[in-house]
Amino acid sequence: LQFALANTAEVALGVWLLRRYGRIDRFALSPRGYAVALACGAFLPQLLGATLGATVLQWQAFGRFDRVWPDWYIGSALGAVLV
């Protein structure tokens with residue numbers, strides 16, 4: 001439950017960004033469209049999720065923000081790319 005806010009916000013932002021900017025016709029037809037879709041779905045939302053998640057962990061004294069954030073971001077971005 002501690003990570004529900006971070007994960008939900010990340011997914012919601014990803015869906016919104018992909019619907020707004022990552023249209024499938026742009027994705028399929030050009031490298032630029034692919035880059036936009038990748039950024040909207042696998043890199044930008046993870047900034048929000050990692051920030052919220054690392055903040056929660058720091059508030060609860062489970063880890064320092066500067067140590068948790070990079071691991072969270074990298075893991076989340078890789079997971080999104082694999083999906």
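Structure first, text after, so check above.
Attention now goes to the layout of surface pockets. One number sums up the size of the largest pocket: a volume of about 260 Å³. Residue lining of the largest pocket: 17 residues in total, with Leu18, Gly41, Ala42, Gln46 and Ala80 positioned closest to the centre. Only helix H1 (4-21), helix H3 (31-59) and helix H4 (65-82) provide two or more residues apiece to the lining of the largest pocket. No other element matches H3, which puts seven residues into the lining of the largest pocket. Considering only residue class, the lining of the largest pocket consists of eleven nonpolar, five polar and one charged.

Once that is clear, we can look at the pattern of salt bridges. Using the criterion set out here, one finds one salt bridge in the structure. Among the ionic pairs, Arg64 bridges to Asp66, the shortest N-O distance being 2.5 Å.

Turning next to the packing of aromatic side chains. Here the structure, examined in full by the defined rule, presents three aromatic pairs. On the basis of an interplanar angle of 85° and a centroid distance of 6.2 Å, the ring pair of Trp16 and Tyr21 is categorised as edge-to-face. By relative accessible area, which is 48% here, Trp16 ends up partly exposed. Ring geometry for Trp69 against Tyr73: centres 5.2 Å apart, planes inclined by 5°, an arrangement best described as stacked.

In this section: H4. Over its 18 residues, H4 extends 25 Å from the first C-alpha to the last, a length consistent with the 26 Å expected when each residue adds 1.5 Å. Of all the positions in H4, only Val68, Trp72, Tyr73, Ser76 and Ala77 are classed as buried. Along the axis of H4, the buried positions cluster into a sector of 145°, meaning they face one direction only. Opposite its buried face, H4 presents the exposed residues Arg67, Asp71, Leu78 and Leu82, each directed more than 90 degrees away.

Moving on: the packing of H3 against H4. Following both chains from N to C, one finds H3 and H4 inclined at 145°, their axes separated by 8 Å at the closest point. Regarding H3 and H4, the two cross each other, and that crossing is right-handed. Residue classes in the contact of H3 with H4 are distributed as 15 nonpolar, eight polar and no charged.

Core analysis: the biggest nonpolar cluster contains seven residues, these being Ala6, Ala50, Ala54, Leu57, Val68, Trp72 and Tyr73. When neighbours within four sequence positions are excluded, Ala6 is seen to be in contact with Gly49, Leu52, Gly53 and Trp72.

Two numbers describe a pair of packed helices, the interaxial angle and the distance between the axes. Contact geometry for H1 and H3: axes closest at 8 Å, N-to-C directions at 155°. Classified by the angle between their axes, H1 and H3 sit roughly antiparallel to one another. The handedness of the crossing between H1 and H3 is right-handed. Here H1 contributes Leu5, Ala6, Ala9, Glu10, Leu13, Gly14, Leu17, Leu18 and Tyr21 to the contact with H3, which in turn contributes Val36, Ala37, Cys40, Gly41, Leu44, Pro45, Gln46, Leu48, Gly49, Ala50, Leu52 and Gly53. Among the residues making up the contact of H1 with H3, the classes are represented as 15 nonpolar, five polar and one charged.

About the criteria used
Residues numbered from 1 in each chain as written. Predicted model: local features only at pLDDT ≥ 70, side-chain atom pairs only at ≥ 80, totals over all residues. Heavy atoms only, no water. 1 Å grid on protein atoms, 1.4 Å probe; cavity = no way out; pocket = protein on both sides within 12 Å on 5 of 7 lines; lining within 4 Å. Points joined across faces, edges and corners; volume = space filled by probe spheres on them. Helix = DSSP H or I, 4+ residues; strand = E, 2+ residues; numbered from the N terminus. Nonpolar A, V, L, I, M, F, W, Y, C, P; charged D, E, K, R; others polar. Salt bridge = Lys/Arg side-chain N within 4 Å of Asp/Glu carboxyl O. Phe/Tyr/Trp six-rings, centres within 6.5 Å; stacked < 30°, edge-to-face > 60°. Buried < 20%, exposed > 50% of the residue type's maximum accessible area, 1.4 Å probe, protein only. Expected span 1.5 Å × (residues − 1). Arc of directions from axis to C-beta. Axes fitted to C-alpha atoms, helices over the stretch in contact; angles between N-to-C directions. Left-handed = near helix turned anticlockwise from the far one by under 90°. Core = buried A, V, L, I, M, F, W, Y, C linked by side-chain atoms within 4.5 Å. Contact = heavy atoms within 4.5 Å. Parallel < 35°, antiparallel > 145°, perpendicular 65-115°, else oblique.

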